[in-house]
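Reading the structure
Chain residues, written in single-letter form:
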Amino acid sequence: MRLLFLGDMVGKSGRTAVWQQLPGLISDFRLDFVIVNGENAAGGFGITEEIFHATIEAGADVVTTGNHVWDQRDALNFAPREDRFLRPANFPKGTPGKGSGLYTARNGARVMVANIMGRVFMHPELDDPFQAGEQELAACPLGEQADAVVIDFHAEATSEKMCFAHFVDGRASLVVGTHTHQPTADHQILNGGTAYLSDAGMCGDYDSSLGMDKEEPLNRFLSKVPKGRFEAASGPATLCGVGVDISDRTGLAERIGPFRRGPRLEEAVPSFWL
């Protein structure tokens, strides 16, 4: 099975680039399954139902989120009724929506996707992500109910991300970090067969500060006095993420490679897709 994961969509620039390019990527690289993190898609803060539907219509099979999931109050209304919209699974019991789901890929494979948020340097501080991961894997084990398992681990600290990946190694096909908006270069397959990347980066304008117009963040570093709101940068966006080929026999990763397409960053496509 061939899977593409795209990092946090940021603002109009990021989401438009995903919508325009994703159909062609699915066709050109024969993608069986696509996951997009959409938590910054609405002006850099949260996601609306309209944006969610447009992302699914472009070809995403699942949209994950993170700490900004409720920034647009609209999400509280549509999360409970949208099966392909995920918020972190370790929100307290009773939180609207769900943190995982089992989906059918284009090749017929059963793919379990879980969205889990870390706690180190993160707000709000949610329930134990390791316990949440254990519960999700116990409910839908790889090789039994699921042919592949993907976990979007939305967190700040790379140490927490890496320890979580080692914790589930051999029980998940892919653990990919989101949240920092900066693509890392540590893509690898762990000893047990789980593919790992500390952060997928973002789908947004990299002439920015994490996808935001750089003037106001720079001002706050220099003066400590806010002059205005953070606004999403509107220049041309680069898509960033990771591609993985997953064994149809074991559900574990066979190959992993970075995906980057757009201005500023060096373009990359997994070599095994070409």
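The following paragraphs examine the structure supplied in this document. Owing to the predicted nature of the structure, the values given are computational and were not obtained by experimental measurement.

So, the sheet that holds strand 7 (residues 148-154)
The sheet built from 6 strands is open, its strands ordered 5-6-7-8-10-9 with mixed pairing. Unpaired on one side and paired on the other, strand 5 (100-104) and strand 9 (188-189) mark the two borders of the sheet. Looking at chain direction, strand 9 and strand 10 (residues 195-197) are connected through 2 bridges and run antiparallel. Opposite I189, over in strand 10, you have A195 as the bridge partner. Across the sheet, helix 4 (residues 129-139) is in contact with strand 5, strand 6 (110-117) and strand 7; its angle to strand 6 comes to roughly 165°.

Things to note about the pattern of salt bridges
As enumerated under the stated definition, the model contains 12 salt bridges in all. As a salt-bridge pair, K161 and D199 come within 2.8 Å of each other at their nearest N and O atoms. Taken together, the residues K161 in helix 5 (residues 158-168) and D199 in the loop between strand 10 and strand 11 (202-203) connect sequence positions 38 residues apart. There is no split in this pair, since K161 and D199 are both buried.

Considering the sheet that holds strand 13 (residues 253-261)
Pairing is mixed in the open sheet, where 5 strands are placed in the order 4-3-1-12-13. Strand pairing shows two members of the sheet lacking a second neighbour, strand 4 (62-64) and strand 13, which therefore form its edges. Taking the axes of each pair of neighbouring strands and ignoring which way they run, one obtains an average angle of 20° across the sheet. Two elements, strand 3 (residues 33-37) and strand 4, share 3 bridges in a ladder whose sense is parallel. Across the sheet, V36 pairs through a bridge with V63, a residue of strand 4. The strands touched by helix 1 (residues 11-28) within the sheet are strand 1 (2-6), strand 3, strand 12 (239-246) and strand 13, with strand 12 carrying the most contacts at an inclination of about 25°.

What about empty space enclosed by the protein?
Within this structure, the stated rule accounts for 1 cavity of 30 Å³ or more. Of the voids in this model, the largest cavity is the one considered here, and its volume is about 40 Å³. What lines the largest cavity is P183, T184, L197, D199, A200, C240, G241, P258, F259 and R260. Within the residue set of the lining of the largest cavity, elements represented by two or more residues are strand 12 and strand 13. Looking at which element gives the most residues to the lining of the largest cavity, the answer is strand 13, with 3 residues.

Quick look at helix 2 (residues 49-58)
Within helix 2, 7 of the 10 residues are buried, which leaves the element mostly enclosed by the surrounding structure. Those residues of helix 2 that fall on the buried side of the exposure criterion are E49, I51, F52, A54, T55, I56 and A58. Tucked into the core, helix 2 has its buried residues touching strand 2 (8-9), helix 1, strand 3, strand 4 and helix 3 (74-78).

What to know about the side chain of N67
Within the element layout of this structure, N67 appears in the loop between strand 4 and helix 3. Owing to a relative accessible area of 16%, N67 belongs among the buried residues under this scheme. A distance of 3.0 Å separates polar atoms of two side chains, one belonging to N67 and the other to H154. Here the side chain of N67 touches H179 through a polar contact of 3.2 Å, side chain to side chain. If we ignore the near neighbours within four places in the chain, the residues touching N67 are E39, M117, M122, H123, H154 and H179.

Procedures and definitions
Residues numbered from 1 in each chain as written. Predicted model: local features only at pLDDT ≥ 70, side-chain atom pairs only at ≥ 80, totals over all residues. Heavy atoms only, no water. Pairing = 2+ DSSP bridges. Helix = DSSP H or I, 4+ residues; strand = E, 2+ residues; numbered from the N terminus. Contact = heavy atoms within 4.5 Å. Axes fitted to C-alpha atoms, helices over the stretch in contact; angles between N-to-C directions. Salt bridge = Lys/Arg side-chain N within 4 Å of Asp/Glu carboxyl O. Buried < 20%, exposed > 50% of the residue type's maximum accessible area, 1.4 Å probe, protein only. 1 Å grid on protein atoms, 1.4 Å probe; cavity = no way out; pocket = protein on both sides within 12 Å on 5 of 7 lines; lining within 4 Å. Points joined across faces, edges and corners; volume = space filled by probe spheres on them. Polar contact = N/O pair within 3.5 Å; in protein donor to acceptor, adjacent residues only side chain to side chain.

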